[in-house]
Amino acid sequence: MATTEKLVTAEELWRMPEPVDGLRYELLEGELVKTPLAGARHGVCCAAVGMVLYRYVKERSQGHAVSNNTGVITERDPDTVLAPDLAYWSHERLPEMPGGFVEVPPDLAAEVVSASDSQSYVHRKVLHYLDHAVSLVWVVDPKTRTVTVYRSRRDVCILGDQDEITGGDVLPGFSCRVGEFFA
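Residues numbered from 1 in each chain as written. Predicted model: local features only at pLDDT ≥ 70, side-chain atom pairs only at ≥ 80, totals over all residues. Heavy atoms only, no water.

Chemist: Go over the environment of Gly 167 with me, naming the residues and quoting the values.
Modeler: Tracing the backbone through its elements, the reader meets Gly 167 in strand E12 (residues 164-167). On a C-alpha basis, the gap between Gly 167 and Val 149 in space is 9.7 Å, while along the polypeptide they are 18 residues apart. (Helix = DSSP H or I, 4+ residues; strand = E, 2+ residues; numbered from the N terminus.)

Here it is in structure tokens:
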């Protein structure tokens, strides 16, 4: 992971051309953060988590579920635009999905750990989400087949393959076996 020295705005990030260098970009407090593209295991896991989450949201018509690193602006001046692997917004928090970056932090942000991810950067993103009104963060690790659930900096739980994960107040009625995320 590398960063730039010049502070970049969300609008500048939006106008950047598609990368041709095998990297994707986020902004963290105005710094452009380059991260390598993820591998196949990561993609399969994102698809599995996304299917479970999307099915739940669609059946209840209670919000928006997105995948594929949708840009989310969590703060301005300096700007932070993160791209969770999956995210969910209730209709109350986000009545309509915009065409560009979403300027409302999600109710749920999920990060699927990739072999190219820096553990410190994933941790930094989790703390940033929690400090910027994201009520629930999942860190899904295909290698260990675990999900670390963060409801706050102090309310953290690690679930294994056979455990049930629930959505609590964020996704009322949501429940599945963690192993479904790794099918």
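Further notes follow.
Chemist: Report on the nonpolar core, specifying residues and quantitative values.
Modeler: Among the nonpolar cores identified, the biggest contains 26 residues, and Trp 138, Val 140, Val 147, Ile 165, Leu 171, Phe 174 and Phe 181 are the most heavily contacted of them. At the level of elements, helix H2 (40-60), strand E7 (86-90), strand E8 (108-112), strand E9 (136-141), strand E10 (146-150) and strand E13 (171-177) are the ones that each hand at least two residues to this core. Among the elements that take part in this core, H2 stands out by supplying seven residues, more than any other. Setting aside chain neighbours within four positions, we find Val 147 in contact with Trp 138, Val 139, Val 140, Cys 157, Ile 158, Leu 159, Ile 165, Val 178, Phe 181 and Phe 182. Leu 28, Val 126, Val 139 and Tyr 150 belong to the second largest nonpolar core, which has 13 residues in total. (Core = buried A, V, L, I, M, F, W, Y, C linked by side-chain atoms within 4.5 Å. Buried < 20%, exposed > 50% of the residue type's maximum accessible area, 1.4 Å probe, protein only. Contact = heavy atoms within 4.5 Å.)

Chemist: How would you summarise helix H3 (residues 119-131) if you had to cite specific residues and measurements?
Modeler: Taking 1.5 Å per residue as the helical rise, H3 with its 13 residues ought to reach 18 Å, and the 18 Å between its terminal C-alpha atoms agrees with that figure. All buried positions along H3 are accounted for by Tyr 121, Val 122, Lys 125, Val 126, His 128, Tyr 129 and Leu 130. After H3 finishes, the residue Ala 133 shows a positive phi value of roughly 70 degrees. (Expected span 1.5 Å × (residues − 1).)

Chemist: Lay out the sheet that holds strand E4 (residues 63-67) in plain terms, naming residues and giving numbers.
Modeler: Taken in spatial order, the six strands of this open sheet run E4-E7-E8-E9-E10-E11, and their pairing is mixed. At either margin of the open sheet sits one strand with a lone partner, and together these are E4 and strand E11 (156-159). In this sheet, adjacent strand axes meet at a mean angle of 15 degrees when their direction is disregarded. Note that E8 and E9 share five bridges and pair parallel. Each bridged residue has a counterpart across the sheet, and for Ala 110 the counterpart in E9 is Trp 138. Each of E8, E9 and E10 touches H3; the most contacted strand, E9, lies at about 160 degrees to it. (Pairing = 2+ DSSP bridges. Axes fitted to C-alpha atoms, helices over the stretch in contact; angles between N-to-C directions.)

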